Each structure stands twice: as C-alpha cells, then as structure tokens.
Amino acid sequence: MTVHINEVENYKVDKVIEIIIYATITFNAVLAFVNANVFRMSNSMVAVFDAMLILASLYIVMTYGGKKAKMWVLILLILILFHLVVILKGQIFSLKYFRDVLVIPVFIGLGVVYRKDATRLIKNMIILVLVGCLIELLFFDFYTELLNIKSYYVNTRGFQEEGFYTEESSLFVSAFRPGDRFIPLPFWEVHRLSSFFLEAVSLGNFAVFVSIFISAYWREFTQADKCKYLIIWFVLIALCDGRFAFACSLLVFTSGFLVRAGMGMLIYLVLPMIFMCSMLLVGILDLKPDDTFPGRIAKTVYMIYELEPLSYLFGNSGSKITVDSGYVYIINTQTVFSLLIIFIIILTARKLQADLIYYKYQFGLAIYVAMNLMISCSVFSIKTAAIIFFFYGWLWKKNYDHKKI
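Please read these numbers as outputs of a predicted model, since none were measured by experiment.

Participant: Would you mind going over the overall build of the protein with me for this structure?
Facilitator: A count of helices and strands for the protein gives 16 helices and zero strands. Its C-alpha atoms give the protein a radius of gyration of 21 Å, near enough to 22 Å, the size a compact globule of 405 residues would have. Overall, the protein is about 60 × 55 × 45 Å in size when its C-alpha atoms are taken along their principal axes. The buried share of the protein, reckoned over its 405 residues, is 54%. Pairs at least 24 apart in sequence give 74% of the contacts found in the protein among residues at least 6 apart. As displayed, the protein offers around 18600 Å² of accessible surface, 67% of which is attributable to carbon and sulfur atoms. One way to put it: in the protein the 35 positive side-chain charges average out to a point 11 Å from where the 28 negative ones average out.

The following block contains the structure:
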C-alpha cells in the first residue's frame with residue numbers, strides 16, 4: 001500500500017491544528033499551573049504564548065492553505081490597512097490592538113485548511129470543557145490549589161487583590177457575584193464555575209457556542225445526541241450562571257427555527273435589530289450604565305452617542321479604550337469600516353443556496369457577535385474566538401466546495 005506524501009503532510013498539519021485548538025482553550029489553565037507551582041508568570045509571558053498560537057495559525061494558513069484559505073489573508077490585510085489609519089492618526093501603536101485585528105480572519109483561515117471532520121474535534125472539546133467543570137465542582141480544593149487563579153490574574157493582568165469579593169478564595173473575581181445566582185442549583189450553593197477558562201464569562205461564551213453547534217446540527221443529531229448536548233448546554237449555563245449566555249442561546253435556538261421556516265434572510269437584519277432593540281430598551285426602561293447585563297447595554301448605547309464623528313472614520317486609539325463595549329472598542333481601534341467587514345465576513349452565504357448547517361451556524365454566530373459586542377470585546381478572546389471562528393471557517397469551506405460541485 002502506497003501512501004501519498006501529501007496525505008502524510010496533510011495528516012501532520014491537521015494534527016498541529018488540533019493541538020493549537022486544544023491549546024487555545026487550555027493554555028491559561030496550564031500557565032496558571034506554572035504560576036502556582038513552578039515560577040511566577042508575567043503579562044508579557046502570557047502575551048507571547050497568545051501571540052505564538054496566532055502566528056503559528058497564520059503560518060499554517062499562509063503555507064498550507066489553498067486559494068480559499070488565502071482569501072482570508074487578503075481580508076486580514078484589509079483590516080490591517082484600516083488599523084494603520086488609526087495608528088497614523090493617533091500616532092499610537094499597540095500590540096494588543098494589532099493582535100485583535102488578526103484573530104477572526106486567522107482562525108477562519110485555519111478552519112479552511114483543516115481537512116478532517118471538524119465536528120469530531122468540536123464534540124471532543126465540549127466533553128473536555130465539561131470534564132473541567134466537573135473537576136472544579138467535585139474536587140474544588142484540588143482545583144484551586146493546583147491553579148491559584150487569583151495569583152495568576154494578579155501577576156499577569158494587573159489585578160489588585162483588594163478588587164476580589166472574597167479575600168480567602170483563590171478564584172477569579174467574577175466567580176462570586178453580589179446577590180443570588182441567576183440560575184440556582186438544586187443540590188448545593190456553589191460559585192460561578194469556569195472550567196479551563198479560569199473565569200466564568202468565557203465558559204458562558206463557550207456555552208453559547210455549544211448552542212450554535214446544537215442549532216446547526218439539530219436535524220443531523222440522533223435523538224440521544226439531541227438530549228445529550230442539550231443537557232450539556234444547560235449544565236454549562238447553570239454552572240457558569242451566565243445571564244448573557246442564557247439569553248443569547250435562546251435567540252440562537254430561535255434562529256434555527258427561523259431558518260427551517262424559510263425566514264433565514266432575517267440574518268441580515270441581526271445587527272440593526274439588536275441596535276434598535278437595545279436603544280429602545282435603554283430609553284423605555286431608563287437604564288443607566290453599571291456593571292450588570294442591562295447596565296452594560298446602556299453603557300454601550302450612551303458611548304455610541306458620545307463618539308465623535310471622526311472617530312467612526314479614523315478611530316481614536318488615544319482615547320480611554322473601554323472593554324465593556326465591543327462596538328466602541330472596534331470603532332476606536334479599527335474604525336467603523338472594520339466593524340462592517342467583520343459582519344460581512346459572517347454574512348458570506350448566498351442567501352438560501354447555502355448548506356443548511358452552515359446557514360444555521362452563520363445565523364447563530366451573527367447573533368452571538370452582535371450581542372456580545374454590546375457588553376464586551378470578548379469576541380477577540382482566543383479562549384473562545386479560536387474554536388468559534390475555526391469551526392465557522394471549516395463549515396464555510398465545506399459550503400463553498402458544495403457550491404462548486
């Protein structure tokens with residue numbers, strides 16, 4: 001039996017891609033372990049590791065990607081061009097802002113390069129994250145002593161110990177939220193879990209990804225799979241106590257029904273509808289900016305009103321950049337044109353000619369990105385952005401190839 005050399009090379013590339021995707025989810029836990037048990041980590045060390053994953057992915061796309069993969073490199077160059085406009089205007093260069101430009105097109109391109117069945121990889125990742133939650137829940141002392149999350153964030157993110165709600169806990173600050181849980185657990189009262197992500201918000205974002213995956217593959221799942229993944233989704237939502245994740249997931253599931261009902265064209269109205277509904281919500285309920293889910297929506301609405309007109313065109317990297325509003329963050333660091341390109345990237349299907357799985361995933365992704373940017377800029381966090389956009393790239397390639405047949 002003769003094995004073609006290209007098949008061996010493709011196998012090796014796919015293995016490296018899998019290692020990268022696993023690393024994006026687990027690397028913070030690994031670095032926290034090193035920080036707690038080997039030597040003290042710093043912000044620059046974490047940034048270097050993050051950059052290595054992104055640059056390794058870019059190298060794979062540039063070296064092993066065909067025309068379809070390299071198309072995303074062209075989009076990346078366009079985004080970089082707009083970012084250069086911001087740099088020239090503000091005369092400020094930030095590696096953090098430049099890194100954010102890379103994340104979405106690079107991991108979409110990585111998904112295009114991947115040749116194996118990505119659904120198997122995604123299912124393994126879901127189980128891995130669930131196992132991480134169970135370790136944190138059932139072996140809490142072991143989990144906290146092994147990772148010492150508070151120390152990791154104090155050393156690498158500039159957090160102050162006084163900013164944590166409970167001084168005796170070594171968990172992240174958001175593990176304990178004032179007031180009762182949004183989703184009470186029937187068996188015992190626990191903190192907001194985070195699995196390998198180390199903080200609950202990323203686990204919530206991952207739970208939204210699971211809902212997008214379920215919605216896209218609903219018809220392909222067996223009855224047992226439907227029950228299994230719905231239970232896993234709800235367990236993740238309940239353990240992280242994610243209000244945003246729960247609300248966004250419900251909209252994602254609704255979008256799946258809309259696509260099957262022939263109303264998938266509503267995907268193109270996701271962004272303006274979320275903007276209009278948010279502004280109406282803030283106006284009718286007279287919401288004020290604060291550190292709650294509705295308060296962050298109010299903060300985004302107020303900040304968009306306060307943006308200078310030139311900031312939309314040329315950015316404003318010299319202003320105080322907020323991470324509580326992804327829309328304002330992108331406009332200030334990349335211009336409004338980059339924001340529009342990000343949504344154009346997501347909305348690349350040719351109406352209803354697209355594969356139904358891809359179309360439903362696309363709809364769910366549009367909802368997630370549009371809603372997430374209202375309250376944060378975590379769509380650029382490699383912990384969840386890598387797997388979300390990697391799988392989007394894989395489905396995009398599959399849909400593209402299907403149209404060529």
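Participant: Even after reading the chapter, I still don't get the packing of aromatic side chains, so can you show me in this structure?
Facilitator: Here the distance between the centres and the angle between the planes together describe a pair of aromatic rings. Applying the stated rule across the entire model yields 24 aromatic pairs. Measuring from ring centre to ring centre gives 5.5 Å for Tyr114 and Phe390, while their planes differ by 65 degrees; the resulting arrangement is edge-to-face. Residue Tyr114 is found in the loop between α4 (95–113) and α5 (118–138), and its partner Phe390 is found in helix α16 (residues 382–404); the two are separated by 276 residues along the sequence. Phe390 shares its class with Tyr114; the two are buried. Note on Phe213 and Tyr217: the rings are 5.1 Å apart at their centroids and 40 degrees apart in plane angle, and the pair reads as tilted. Taken together, the residues Phe213 and Tyr217, both in helix α8 (residues 200–217) and four residues apart, mark about one turn of the helix. Taking the relative accessible area as the measure of exposure, Tyr217 reaches 8% and is therefore buried.

Participant: How do you make sense of the nonpolar core when you look at a structure like this?
Facilitator: One recurring pattern in soluble globular proteins: nonpolar side chains tend to sit buried together. Phe206, Leu236, Tyr361, Tyr368 and Phe391 are the most contacted members of the largest nonpolar core, which totals 141 residues. No other element matches the 15 residues that helix α15 (residues 356–375) contributes to this core.

Participant: What am I meant to see in helix α2 (residues 43–64) here?
Facilitator: Given 3.6 residues per helical turn, the α-helix brings residues three or four places apart onto the same face. With 22 residues, α2 should cover 32 Å at 1.5 Å per step; its first-to-last C-alpha distance of 32 Å lies within 8% of that length. Those residues of α2 not exposed but buried are Val46, Asp50, Leu53, Ile54, Ser57, Ile60 and Val61. An end-on view of α2 places all buried positions within 115 degrees of arc, on one side of the element. Exposed side of α2, more than 90 degrees from the buried face: Met52 and Tyr59 are the residues found there.

Participant: What exactly am I supposed to notice about the pattern of salt bridges here?
Facilitator: If the charged atoms of two oppositely charged side chains come close together, the side chains can form a pair. Here the structure, examined in full by the defined rule, presents eight salt bridges. Glu199 serves as the salt-bridge partner of Lys383, at 2.7 Å between the closest nitrogen and oxygen. Placement of the pair is Lys383 in helix α16 and Glu199 in the loop between α7 (149–157) and α8, with a sequence separation of 184 residues. The exposure class of Lys383 is buried, given its relative accessible area of 7%. Ionic pairing is found between Asp286 and Lys288, a salt bridge with its closest N-O pair at 3.3 Å. Relative accessible area serves as the criterion here: at 47%, Asp286 is assigned to the partly exposed category. Via salt bridges that share partners, Asp50, Lys96, Arg99 and Asp100 belong to a single interconnected network.

Participant: Help me out: how do you make sense of the packing of helix α3 (residues 67–90) against α4 in this one?
Facilitator: Running from N to C, α3 and α4 cross one another at 170 degrees; their axes reach a closest spacing of 8 Å. In this view, α3 runs roughly antiparallel relative to α4, as classed from their interaxial angle. Across from Lys68, Ala69, Trp72, Leu76, Leu79, Ile80 and His83 in α3, the residues of α4 making contact are Tyr97, Phe98, Val101, Leu102, Pro105, Val106, Ile108, Gly109, Val112 and Val113. Here the contact of α3 with α4 is composed, by residue class, of 14 nonpolar, two polar and one charged.

Participant: Whenever I open this one, the environment of Arg115 confuses me. Can you help?
Facilitator: Relative to the helices and strands, Arg115 is located in the loop between α4 and α5. Here Arg115 falls in the partly exposed class, since its relative accessible area comes to 40%. If sequence neighbours within four positions are ignored, Arg115 has contacts with Asn10, Asp14, Tyr64 and Lys397. From its side chain, Arg115 meets the backbone oxygen of Tyr64 in a polar contact 3.4 Å long.

Participant: When you look at the side chain of Asp241 in this model, what are you seeing that I'm missing?
Facilitator: Examined against the element boundaries, Asp241 turns out to sit in the loop between α9 (223–240) and α10 (243–260). Those residues in contact with Asp241 that sit more than four places away from it in its chain are Arg177, Arg181, Phe182, Ile183 and Arg192.

Participant: Help me out: how do you make sense of a nonpolar patch on the surface in this one?
Facilitator: Nonpolar side chains collect at one region of the surface, where Leu310, Leu313, Phe314, Phe337, Leu340 and Ile344 lie side by side and expose about 540 Å² of accessible area between them. Elements with a contribution of two residues or more to the nonpolar patch: α13 (309–314) and α14 (326–346). Mapping Ile344 onto the fold places it in helix α14.

Participant: Help me out: how do you make sense of the environment of Val336 in this one?
Facilitator: Mapped onto the secondary structure, Val336 falls in helix α14. Assessed through its relative accessible area of 18%, Val336 is described here as buried. Once the C-alpha coordinates of Val336 and Cys133 are considered, the two residues, 203 residues apart in sequence, prove to be 38 Å apart. Ignoring any residue separated from it by four or fewer positions in sequence, one finds Val336 in contact with Tyr312 and Ile331.

Calculation notes
- Residues numbered from 1 in each chain as written.
- Predicted model: local features only at pLDDT ≥ 70, side-chain atom pairs only at ≥ 80, totals over all residues.
- Heavy atoms only, no water.
- Helix = DSSP H or I, 4+ residues; strand = E, 2+ residues; numbered from the N terminus.
- Rg over C-alpha atoms; globule rule 2.2 N^0.38 Å.
- Buried < 20%, exposed > 50% of the residue type's maximum accessible area, 1.4 Å probe, protein only.
- Contact = heavy atoms within 4.5 Å.
- Areas by Shrake-Rupley, 256 points an atom, 1.4 Å probe, with all protein chains shown as cover.
- Lys, Arg positive; Asp, Glu negative; His and termini not counted.
- Charge placed at Lys NZ, Arg CZ, Asp CG, Glu CD.
- Phe/Tyr/Trp six-rings, centres within 6.5 Å; stacked < 30°, edge-to-face > 60°.
- Core = buried A, V, L, I, M, F, W, Y, C linked by side-chain atoms within 4.5 Å.
- Expected span 1.5 Å × (residues − 1).
- Arc of directions from axis to C-beta.
- Salt bridge = Lys/Arg side-chain N within 4 Å of Asp/Glu carboxyl O.
- Axes fitted to C-alpha atoms, helices over the stretch in contact; angles between N-to-C directions.
- Parallel < 35°, antiparallel > 145°, perpendicular 65-115°, else oblique.
- Nonpolar A, V, L, I, M, F, W, Y, C, P; charged D, E, K, R; others polar.
- Polar contact = N/O pair within 3.5 Å; in protein donor to acceptor, adjacent residues only side chain to side chain.
- Patch = residues over 30% accessible without salt bridge, like charges linked within 9 Å, V, L, I, M, F, W, Y side chains within 5 Å.

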